[in-house]
Amino acid sequence: MLISPEQLRVRIGELAAQIDTDYAGRELLLVGVLKGAIMVMADLARAMHLPVKMDWMAVSSYGSGTKSSGVVRILKDLDTDITGRHVLVVEDIIDSGLTLSWLIGNLRSRGPASVDVCAMLRKPAAAQTDVTVTYTGFDIADEFVIGYGLDYAESFRNLPFIGTLAPHVYGGTGNTFRDQKR
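Parameters at a glance
- Residues numbered from 1 in each chain as written.
- Predicted model: local features only at pLDDT ≥ 70, side-chain atom pairs only at ≥ 80, totals over all residues.
- Heavy atoms only, no water.
- Buried < 20%, exposed > 50% of the residue type's maximum accessible area, 1.4 Å probe, protein only.
- Helix = DSSP H or I, 4+ residues; strand = E, 2+ residues; numbered from the N terminus.
- Arc of directions from axis to C-beta.
- Contact = heavy atoms within 4.5 Å.
- Core = buried A, V, L, I, M, F, W, Y, C linked by side-chain atoms within 4.5 Å.
- Phe/Tyr/Trp six-rings, centres within 6.5 Å; stacked < 30°, edge-to-face > 60°.

A. Focus on helix H2 (residues 38–47). Where H2 is concerned, the buried positions are Val40, Met41, Leu44 and Ala45. Buried positions in H2, seen along its axis, are confined to an arc of 120° and lie on one side of it. Against helix H1 (5–22), strand E1 (28–34), strand E2 (52–60), strand E4 (86–94) and strand E5 (114–122) lie the buried residues of H2.

B. Structural detail: the nonpolar core. Formed by 28 residues in total, the largest nonpolar core has its most connected members in Ile19, Leu44, Met120, Leu121 and Ile162. Elements with a minimum of two residues in this core: H1, E1, H2, E4, E5 and strand E6 (135–139). In terms of residue count, H1 provides more of this core than any other element does, five residues in total. Excluding residues that lie within four positions of it along the chain, Leu121 makes contacts with Ile3, Asp92, Ile93, Ile94, Phe138, Ile140, Val145, Leu150 and Ile162. Leu29, Leu103, Val115 and Val117 belong to the second largest nonpolar core, which has 20 residues in total.

C. Structural detail: the packing of aromatic side chains. The full count for this structure, using the stated rule, is one aromatic pair. Judged by centre distance (5.9 Å) and plane angle (85°), the ring pair of Phe144 and Tyr152 falls under edge-to-face. Phe144 sits in the buried class, given a relative accessible area of 5%.

In structure tokens form, the structure reads like this:
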């Protein structure tokens, strides 16, 4: 176990309070990135006092593998027009930052009032591009993590904590795993 359910609950509360303060008096649209952000998005929205609207996107740069292909595809687009709206992208984890960088550019091209990012996890050592993350839950080492929405082969998303997956399970050879996600 890397991050306990209690640590997650406390940090979500802190992030929600900061977002409530920062967006006071403004309407906010939370945009969750499927599938991994489901737990973060649900808990964050429930912890916030600001009225928020929610929408979802699914993007992929992986195909069937575990390494980014470099080509981003939108698998599920927003149902909401974001023109003139304040948008907060909610992510489970930021690894290389390449897919998220593309997503932010795509959303900004749609004319929102603002686009910011809230990520539960960030792997600074894995970053390949500079992406501004306004709200970060935890910075972690470059390890393959599961739980709280994060998966390995669509398993382990429902774990109430975040843990590291042993390299022999996913075919890794060491303690690091590049390009887990974004």
